[in-house]
Amino acid sequence: MASTTLFPFLSIVSLTVLASAVGFSVELIHRDHPKSPFYNPTFSLSDRIQAEVQRSNARAAALRRIFFSQLHGGMSSTTNIKYSMLPADSPFSHALVSPSDSPFTSPSSAPPNAPIETYVIANSFDYLVSIHLGTPTREIIAIADTGSDLIWVTCEPCSDCYKQDAPLFNPATSSSYANIPCGTEKCNQLPFTQCDNSTSPSKCFYQYRYFDGSQTIGNLAQETVAFNTTDGNNVEFPMVTVGCSHVANGTFERQTAGLIGLGAGPLSLVSQLGSSIEHRFSYCLVPYDSTNITTSRLSFGSDAIISGDDVETTTMVDIDRETFYTVTLDSITVGKNSTLGPINRSYMIVDSGTTLTYLDSTVLESLMELLVKTIPLPQVEDSEKVFPLCFDESNAEPDFLYPDITLQLGKAIVTLKPYNAFRKINDKVTCLAMASNNNISSDNLSILGNIAQQNFHIGFDLAARKISFAPADCTKY
């Protein structure tokens, strides 16, 4: 099959259907890697840190609001999204699209008051993945998101789509494309559905709104999805449910053409591939100082099995919001023996799209007090005032090391090395890569960000409802 490459840095490949794709891995591309369409070689370290913290804060705020509003039943799916749900200094506040300014418009003229599902910030992501869609195949760069489920791409015709570098996917040119009718099992897996009965068969419409006011609207379809694997093979999965978006507006960025939902809900890529990948996936994120050198790995099936004596496994918490990978945070230890006293046990979301780690404000304050007592360096304020605790290393001993920070996540004991817990912001200053989760919400929710997850092979077993952590050198994975 021929392939049309949408981005010049991606090679043209021929897809081969594998009869039994039990295990495979693909590149997980950090947005600051040279292979990423977002890569900006003129960005200084300061520019990059400011951007990642702003994205992280906006995403964390949205995650907290969504998690607790649905956990407590405090927000209906049709609640109007208010701008105040974002931090006042959010980089997205200037680009918000009010729901009233973004009517539900589609080729079938679906009503504007259709119910919707709310998801996290549209462009608060750190990782991308390349997928191949349709027959003949089209190569598309999409956001890889563990905080959402639906797989969607922008499609022709589009009545209101954000400007994109690549042509829209044209379903009319794909022989493997088929619309999903209303009333089917797949259509009913949407949180809310909208039917277009003017066509035969009918079409199943969705509308997903994000917390920054962005939205995507389209119809469900079945299509062939394929991947170019890291070992040079190609795997292909027919009849995958995808969203074909005919409206996509707000803060989506021109370099991407869709989103791959890696959450735990029924319409996510992982759930749909199901038994063919043994209901499991994993990733191994390279440290930030290597993201411009090598890519991370996203693995499925047998490639995602984590084994060894140093594997720590815990059970996911069963909550109504099934998308998120949620565990409990039970205790924190600094070094080998300094344990924070009793802490407020909290839910903790393991999220690949959030950069920093977020803790309850009282827990964070106690942790910082203990770090100040433990680390023999003077404190200093970072110039951008984005980190809660920073240290001046001007006179540090050559062999000085920051202490490990150990988290008890249910039954899993996860030890964060200094590069998991601290971020070097210049030659002389290193800061704690954590923040308070109480700036907007008073609810006690923690988030394990991707800095904390670097150089861990982290596996998600959806059938067993387990998450496993194993230390790894992800640059050699």
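In the nomenclature of an unreviewed UniProt entry, the protein chain is known as Eukaryotic aspartyl protease family protein of Rhynchospora pubera. We quote the UniProt Sequence similarities (unreviewed entry) comment for the protein chain here in full: "Belongs to the peptidase A1 family."

**Looking at the pattern of salt bridges**
Under the definition given, this model contains 16 salt bridges. The shortest N-O distance in the salt bridge between R31 and E253 comes to 3.6 Å. Placement of R31 in the loop between β2 (23–30) and α1 (45–71) and of E253 in the loop between β12 (234–249) and β13 (258–261) is noted, with a sequence separation of 222 residues between them. A salt bridge links R254 to D165, with the nearest nitrogen and oxygen atoms 2.6 Å apart. Here R254, found in the loop between β12 and β13, pairs with D165, found in the loop between β7 (160–161) and β8 (178–179); they are 89 residues apart in sequence, far enough to count as distant. The class of D165 is partly exposed, set by a relative accessible area of 44%. Several salt bridges converge on common partners, so that one network encompasses R59, D145 and D351.

**Describing the state of the cysteines**
Disulfide: a covalent bond formed between the sulfur atoms of two cysteine residues. Applying the stated rule across the entire model yields 6 disulfides. Two residues share a disulfide in this structure: C155 and C244, whose sulfurs sit 2.0 Å from each other. Disulfide C155 to C244: torsion about the S-S bond roughly -125 degrees, handedness left-handed. Placement of the pair is C155 in the loop between β6 (152–154) and β7 and C244 in strand β12, with a sequence separation of 89 residues. According to the relative accessible area criterion, C155 is buried, its value standing at 0%. Across the disulfide from C187 sits C204; the S-S distance is 2.1 Å. Residues C187 and C204 are joined by a disulfide whose S-S torsion is about 85 degrees; by sign, that bridge is right-handed. Separated by 17 residues along the polypeptide, C187 in helix α2 (residues 185–188) and C204 in strand β10 (residues 203–210) bring together distant segments of the chain. In the protein chain, the cysteines engaged in disulfides, taken in order along the sequence, are linked 1-8, 2-3, 4-6, 5-7, 9-12, 10-11.

**Quick notes on unusual backbone geometry**
A cis amide bond links T135 to the next residue, P136, at an omega of 0 degrees. Topologically, P136 is positioned in the loop between β4 (127–133) and β5 (137–145). In this model, E156 is joined to P157 through a cis peptide bond whose omega is -10 degrees. Relative to the elements of secondary structure, P157 occurs in the loop between β6 and β7. One non-glycine residue, E278, adopts positive backbone phi at about 60 degrees.

**Examining the packing of aromatic side chains**
Tallying each qualifying case throughout the model produces 18 aromatic pairs. Arranged with centres 5.8 Å apart and planes meeting at 40 degrees, the rings of F24 and F237 form a pair that is tilted. Of the two residues, F24 is situated in strand β2 and F237 in strand β12; the sequence distance between them amounts to 213 residues. Accessibility classification places F24 together with F237 in one group, the buried group. The interplanar angle of 10 degrees and the centroid separation of 4.7 Å between the aromatic rings of F281 and F460 together place this pair among those described as stacked. Remark: F460 occurs in strand β28 (residues 456–461) and F281 occurs in strand β14 (residues 280–284); sequence separation between them is 179 residues.

Calculation rules
Residues numbered from 1 in each chain as written. Predicted model: local features only at pLDDT ≥ 70, side-chain atom pairs only at ≥ 80, totals over all residues. Heavy atoms only, no water. UniProt positions renumbered as here; feature names shortened; annotations may be inferred. Salt bridge = Lys/Arg side-chain N within 4 Å of Asp/Glu carboxyl O. Helix = DSSP H or I, 4+ residues; strand = E, 2+ residues; numbered from the N terminus. Buried < 20%, exposed > 50% of the residue type's maximum accessible area, 1.4 Å probe, protein only. Disulfide = S-S within 2.5 Å. Phe/Tyr/Trp six-rings, centres within 6.5 Å; stacked < 30°, edge-to-face > 60°.

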